Structure formats: structure tokens, C-alpha cells
Amino acid sequence: MQDLTDEERELAAMVRDFADSVVAPQSYEADRTHTLSMDVVGQMGDLGLFGLPFPEEYGGQGGDYMALGIAIEALGRVDQSIAITLEAGVSLGAMPVFRFGTEEQKQEYLPDLLSGRALAGFGLTEPEAGSDAGATRTTARLDGGEWVIDGSKQFITNSGTPITRFVTVTAVTGNEGGRKEISTIIVPNGTPGFTVEAPYDKVGWNASDTHPLTFDGARVPAANLLGARGSGFRNFLSILDEGRIAIAALSTGAAEGCLEAAVDYAKSRTILGSALSTRQNAQFTLARMRARVHTARLAWRHAARLRDSGLPFAEQAAIAKLVAGEAAMDNARDATQIFGGNGFMNEFPVARHYRDSKILEIGEGTTEVQLLVIARGLGLAG
């Protein structure tokens with residue numbers, strides 16, 4: 001951690017200790033029962049983790065995205081579901097309000113979001129609109145000073161917890177020159193016509209709260225528009241760039257968690273009278289896993305430093321998410337192989353990482369989308 005400041009090292013140590021002492025012990029049962037621990041969420045709020053990259057005037061910690069990434073990496077090492085709860089709560093819940101909200105919206109929503117007293121979701125993905133957000137079909141029309149929203153969203157994180165206060169949704173609010181005008185609108189939970197459907201039965205991230213959403217004539221005040229009308233798609237892309245740094249940090253933590261578990265197991269596992277760790281094939285596997293962690297960490301921290309310095313970072317964020325997501329998936333596979341049959345048992349963390357890590361190559365922009373962003377940086381746009 002030589003590239004970190006003293007304050008950043010203290011943060012890393014603090015969150016790592018919290019992850020080991022509080023998060024890890026409950027992770028197996030939370031995954032088995034598909035339950036997000038609101039006690040853990042509350043403790044993360046008490047530690048100030050939800051407010052890390054926000055100014056103190058709204059109840060934040062006055063930090064930056066590097067600080068957020070450090071915390072997410074430490075959590076992702078032991079429990080990706082908890083890490084994504086923090087990542088989505090900040091990047092997709094609070095950050096859009098901070099970036100694009102009016103002063104009234106910031107004062108109303110941010111104090112609770114940054115303290116962890118409330119969570120919020122961001123409704124972008126639809127059955128026909130994932131990476132192609134321009135294919136959005138959810139609509140919102142003005143009627144008597146209210147937005148009337150119809151449509152559906154899917155895969156929305158933090159949308160149905162006991163403390164979820166609202167979701168921000170993208171919706172088509174008009175057409176101009178044959179192009180959809182996409183805006184973002186805040187929809188409070190409990191709004192008539194807004195239904196949070198039953199949670200998904202997922203492959204992984206089982207303790208993360210994820211639901212489909214349905215809007216059937218849901219009405220909210222016109223003042224719930226977030227940002228300028230028609231700027232929803234552009235604004236979301238900027239939020240997504242930042243979120244990719246955070247997902248890369250989470251992926252790095254997952255890759256490191258797999259490495260640590262595999263090293264410990266290889267040292268303790270005896271085969272034909274000698275430790276598995278003495279065999280060259282196992283050593284080479286573990287060495288490759290270590291290299292992936294190192295490379296992924298360098299990538300996300302570089303993107304975070306650029307972002308925090310006010311420099312262009314979109315391409316570097318895409319590189320970080322690509323490299324780190326693949327590192328997490330590759331390390332999960334290799335760690336499971338090191339564990340052998342035990343790696344197929346859910347009681348071992350590597351099994352959970354194996355199930356959890358695939359989504360890191362899909363969520364907040366698939367691997368293919370990252371490759372497109374990188375290719376455009378090379379001047380290869382078609």
C-alpha cells in the first residue's frame with residue numbers, strides 16, 4: 001500500500017478489520033438464506049462508509065473515490081453482497097442526487113443516504129434495454145404538474161430493503177428529431193402504481209437486495225425530475241464511469257479473497273505426505289493469482305486518482321473494470337480448483353466467490369462494453 005496516504009492506509013486497515021470481525025462471520029448464513037443484514041448496513045453507516053466521497057456539508061466524510069474504492073475492496077474480499085450494497089448505495093443511490101439534484105433535493109435526501117439510514121436504487125436496466133440504454137421503453141408524461149410513469153425495470157439493487165427510500169428511474173419523456181428524450185425521475189417507495197416485485201433467485205450475490213420494478217400510472221410531482229429534462233442518458237453515462245472504478249475495486253477485493261484462501265488451504269492441505277503448496281503446479285497457479293490481484297489494484301487506483309484529480313478517466317475506468325472483473329473470475333476458478341472438492345461446498349468462501357464473481361463481468365457495463373470504450377480510445381469507433 002505504498003501509494004496510499006497515511007489516512008488512506010488507516011481507512012483500509014479499519015474497514016479490513018470490520019470486514020473480518022463483523023461481515024465475514026455472517027456471510028455464509030446470509031448467502032444461504034438470501035438475507036441482507038440490516039445490522040451490518042447500519043454499522044457501515046456508523047463507520048461513515050456511505051458518506052466517504054461526499055462533502056461534509058451534506059453529512060459526508062469529505063473524502064474521494066479512492067477512499068470509497070479502498071472500503072469496497074476491503075469488503076469485497078470477504079463478502080461481495082455487502083460490498084455491492086455499499087457500492088450501489090453510493091454510486092447509484094446517492095451520487096446521482098449529489099451530481100445532478102437541486103439544492104432542495106440534496107438537502108432532503110443526502111443526509112439520510114450518506115449516514116446509511118436510507119438506501120436508494122437506480123432503475124436503468126429493462127428487459128429490452130441493458131447496455132443499450134437508448135432502447136428504454138419506460139415512459140413518463142407530464143399531467144397536471146405530475147409525472148405519470150409506466151414501464152418496468154429489472155436487476156435493481158437496493159430497491160426493496162426496509163430502509164429503501166426511493167429509486168431514480170430513466171424514462172422516455174419525449175421525442176426530438178426521431179431521438180428519444182430520456183430523463184431521470186425520483187420515485188419514492190410506496191408511491192401508488194409503483195411496485196417492487198419479488199426478489200430474484202440469483203446465482204450469486206444472494207445477500208444483495210435485487211428486484212424487478214413495475215410502474216403502472218405511478219404519479220410523482222414534476223419537481224422529482226433529477227437533472228435537466230432530456231439529460232438522463234448523458235448523466236447516467238458519467239455516473240457509470242465512476243461506478244466502474246468502484247466495481248473494479250470490488251473485483252480486486254474478490255480476487256484477493258480468493259488468493260488468500262487458496263494460499264492458506266495449499267499450505268495446510270497435505271497430499272502424499274507433503275503440503276500442496278510445495279508442488280510447483282500449485283505454486284504457479286497461486287503466483288498467477290497474485291499477479292492478477294496486483295494488476296487489478298494498480299488499474300482501479302490509477303483510474304480513481306485520475307477521477308479525483310479532475311482528469312479524464314473514462315477509458316481508464318473501463319480498463320480497470322475489464323482487468324479486475326476478469327481477475328476476480330479467473331482467481332475464483334483457480335481457487336476452487338486448489339480447494340478441490342471442498343471448493344464445491346458453499347461453506348467455503350471460494351465457492352461463494354465462484355458464484356458471485358461472474359456478475360462482475362456483466363454489471364455496470366459488460367466486458368464487451370468495456371472493450372468498446374477502450375477501442376474508441378484508440379480511435380477505432382465505427
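Calculation notes
Residues numbered from 1 in each chain as written. Predicted model: local features only at pLDDT ≥ 70, side-chain atom pairs only at ≥ 80, totals over all residues. Heavy atoms only, no water. UniProt positions renumbered as here; feature names shortened; annotations may be inferred. Salt bridge = Lys/Arg side-chain N within 4 Å of Asp/Glu carboxyl O. Helix = DSSP H or I, 4+ residues; strand = E, 2+ residues; numbered from the N terminus. Buried < 20%, exposed > 50% of the residue type's maximum accessible area, 1.4 Å probe, protein only. Contact = heavy atoms within 4.5 Å. Expected span 1.5 Å × (residues − 1). Phe/Tyr/Trp six-rings, centres within 6.5 Å; stacked < 30°, edge-to-face > 60°.

- Per an unreviewed UniProt entry, the protein chain goes by the name Alkylation response protein AidB-like acyl-CoA dehydrogenase and belongs to Microbacterium phyllosphaerae.
- Here is the UniProt Cofactor (unreviewed entry) comment for the protein chain, exactly as written: "FAD".
- According to UniProt, the comment filed for the protein chain under the heading Sequence similarities (unreviewed entry) is "Belongs to the acyl-CoA dehydrogenase family."

### With respect to the pattern of salt bridges
Piece 1. Per the counting criterion, the structure on display carries 26 salt bridges.
Piece 2. The partner of Arg297 in a salt bridge is Glu73, with the nearest N and O atoms 2.6 Å apart. Here Arg297, found in helix H7 (residues 280-308), pairs with Glu73, found in helix H3 (residues 65-76); they are 224 residues apart in sequence, far enough to count as distant. This pair shows no difference in class: Arg297 is buried, exactly as Glu73 is.
Piece 3. Between Arg77 and Glu260 there is a salt bridge, with its nearest N and O atoms 2.8 Å apart. On the criterion of sequence distance, the pair formed by Arg77 in the loop between H3 and helix H4 (80-100) and Glu260 in helix H6 (residues 232-268) is long-range, its members being 183 residues apart.
Piece 4. Accessibility expressed as a relative area gives 24% for Glu260, which makes it partly exposed.

### Some points on the environment of Val167
Piece 1. Structurally, the position occupied by Val167 is in strand S4 (residues 164-176).
Piece 2. Classification of Val167 by relative accessible area gives buried; the value is 0%.
Piece 3. Taking C-alpha positions, Val167 is 7.5 Å from Gly93, a pair spaced 74 residues apart along the chain.
Piece 4. With residues near it in sequence (within four places) discarded, Val167 still touches Gly121, Ser159, Ile185, Ile186, Val187, Asn189, Phe194, Leu213 and Phe215.

### Comments concerning the environment of Ser152
Piece 1. Examined against the element boundaries, Ser152 turns out to sit in strand S3 (residues 146-157).
Piece 2. Overall, the relative accessible area of 28% leaves Ser152 in the partly exposed class.
Piece 3. Every residue in contact with Ser152, bar those within four places of it in the chain, is listed here: Glu126, Pro127, Thr138, Leu213, Thr214 and Phe215.

### Things to note about H7
Two residues of an α-helix separated by three or four positions point the same way, owing to the 3.6 residues in each turn.
Piece 1. An ideal rise of 1.5 Å per residue puts 42 Å on 29 residues; H7 measures up with 42 Å between its terminal C-alpha atoms.
Piece 2. Just beyond H7, the residue with positive phi is Gly310, at close to 80°.

### Some words on the packing of aromatic side chains
Piece 1. Enumeration according to the criterion identifies eight aromatic pairs in this entry.
Piece 2. Aromatic pair Phe155 and Tyr200: ring centres 5.4 Å apart, planes at 45°, arrangement tilted. Of this pair, Phe155 sits in strand S3 while Tyr200 sits in the loop between strand S6 (194-196) and strand S7 (210-221), and the two are 45 residues apart along the sequence.
Piece 3. Cluster of aromatic residues (ring-pair linked, three or more members): Phe54, Tyr58 and Phe98.

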